[in-house]
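Chain by chain, the residues run as shown.
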Amino acid sequence: MVAITVPISVDAIPLVKCAHAAAAAHTDPQIISVLRSNRTGGLQIMLPEGRWVPVAPDPDSLFINVGDSLQVLTNGRFRSVKHRVVAPAEGQQSRLSVIYFGGPAPTQRIAPLPELMREGEQSLYREFTWAEYKKAAYKSRLGDHRLGPFELPAAVTQEATKADHHCSSNAVQPPAPAPPHVARVH
Ligand SMILES: O=C(O)CCC(=O)C(=O)O
Ligand SMILES: [Fe+2]
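Residues numbered from 1 in each chain as written. Chains lettered and ligands numbered in written order. Predicted model: local features only at pLDDT ≥ 70, side-chain atom pairs only at ≥ 80, totals over all residues. Heavy atoms only, no water.

Going by what an unreviewed UniProt entry lists, the protein chain is known as Fe2OG dioxygenase domain-containing protein and is assigned to Triticum turgidum subsp. durum.

As structure tokens, this is what we get:
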């Protein structure tokens, strides 16, 4: 295991959600999300080829999600995975999740950390502040790729390749239908 100390201050933004909560597809914007839920499932993550897979609920485990900011800090090594929550079927116990969102302070500058870059590695993102990210995010829709405005050409090429991949795999297996009830979570 390698421990790296990063010059990033983190704001705590705790959130508690409950009762038949559902969430449309999105990536978490912050650095890291730590989630604990009850025994009711519903959380799904999107695989690189565009297929949704359920995350089995486990009330004894913590589910750690990489946020967009961590994707930038690691220059794309850790990916903020798209996820959503499908509402439980009628009569099923409500899903209860408690999530800690560790986000940067508003004036924090976010850019790939030189400590994590190999020699000659190209930066995929331009530097931005958390406040800038949030301003851009508020103008977008929840499911949009919200790192778009901060990507440098190398990242745009990478995203385009991913999109092509999605289209070809969708032709074989269409993505699951949207969840029945959706709510904005950020
Ligand atoms: O409730 C859950 O399991 C996840 C919700 C979520 O993804 C979020 O609030 O960002
Ligand atoms: Fe989320």
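Now that the structure has been shown, we can carry on.
Q: Lay out the coordination of the iron ion (ligand 2) with the relevant residues and their values.
A: Within the first shell, the iron ion (ligand 2) binds the protein through His26 (NE2), Asp28 (OD) and His83 (NE2), at distances of 2.1 to 2.2 Å. Considered as a linear motif, the donors of the iron ion (ligand 2) on their single chain read H-x1-D-x54-H. You can see Asp28 sitting in the loop between β2 (23-26) and β3 (32-37) and its partner His83 sitting in strand β7 (residues 83-85), a full 55 residues away along the chain. For Asp28, a relative accessible area of 3% puts it in the buried group. (Donors = N, O, S within 2.8 Å, 3.2 Å for Na, K, Ca; no water. Helix = DSSP H or I, 4+ residues; strand = E, 2+ residues; numbered from the N terminus. Buried < 20%, exposed > 50% of the residue type's maximum accessible area, 1.4 Å probe, protein only.)

Q: Break down the pairing of β3 for me, with residues and values.
A: Burial along β3 is one-sided: Ser33, Leu35 and Ser37 are buried, and none of Ile32, Val34 and Arg36, which face the opposite way, are. Sheet topology note: the β3/strand β6 (residues 63-66) ladder contains four bridges and is antiparallel. Looking across to β6, one finds that Ile32 is bridged to Val66. Where β3 lies against strand β8 (residues 97-104), six bridges are found, and the strand directions are antiparallel. Bridging from a neighbouring strand, Leu35 pairs with Ile99 of β8. (Pairing = 2+ DSSP bridges.)

Q: Break down the nonpolar core for me, citing the residues and quoting the values.
A: Among the nonpolar cores identified, the biggest contains 16 residues, and Val72, Leu73, Ile110, Phe128, Tyr133 and Leu147 are the most heavily contacted of them. Elements with a minimum of two residues in this core: α1 (68-73) and α2 (130-138). Other than its neighbours up to four places away in sequence, Ile110 contacts Ser69, Val72, Leu73, Pro104, Arg126, Glu127, Phe128, Thr129 and Trp130. (Core = buried A, V, L, I, M, F, W, Y, C linked by side-chain atoms within 4.5 Å. Contact = heavy atoms within 4.5 Å.)

Q: Give a detailed account of the packing of aromatic side chains, specifying residues and quantitative values.
A: Each aromatic ring pair is characterised by the separation of its centres together with the angle its planes make. In the structure shown here, the tally under the stated rule is four aromatic pairs. Each ring, one from Trp130 and one from Tyr133, has its centre 5.2 Å from the other, and the planes form 15°; the classification is stacked. On the criterion of helical spacing, the pair formed by Trp130 and Tyr133 is a turn pair, its members being three residues apart in helix α2. Across this residue pair, the class does not change: Trp130 and Tyr133 are buried. (Phe/Tyr/Trp six-rings, centres within 6.5 Å; stacked < 30°, edge-to-face > 60°.)

Q: Go over the side chain of Asp68 with me, naming the residues and quoting the values.
A: Secondary-structure assignment places Asp68 in helix α1. One buried charged side chain, Asp68, makes no salt bridge at all; its nearest oppositely charged neighbour is Arg146, positioned 4.9 Å away. For Asp68, the side chain forms a polar contact with the side chain of Tyr133, separated by 2.5 Å. The contact partners of Asp68, leaving out residues within four places of it in the chain, are Thr27, Asp28, Pro29, Gln30, Ser80, Tyr133, Arg146 and Leu147. (Lys, Arg positive; Asp, Glu negative; His and termini not counted. Salt bridge = Lys/Arg side-chain N within 4 Å of Asp/Glu carboxyl O. Polar contact = N/O pair within 3.5 Å; in protein donor to acceptor, adjacent residues only side chain to side chain.)

Q: For the pattern of salt bridges, give the residues involved together with the corresponding values.
A: Scanning the model with the defined rule gives five salt bridges in all. Among the salt bridges present, the one from Glu49 reaches Arg51, with a minimum N-O distance of 3.4 Å. The class of Glu49 is partly exposed, set by a relative accessible area of 26%. A salt bridge links Arg126 to Glu132; its shortest N-O distance comes to 3.9 Å. Exposure remark for Arg126: the relative accessible area of 34% places this residue in the partly exposed category.

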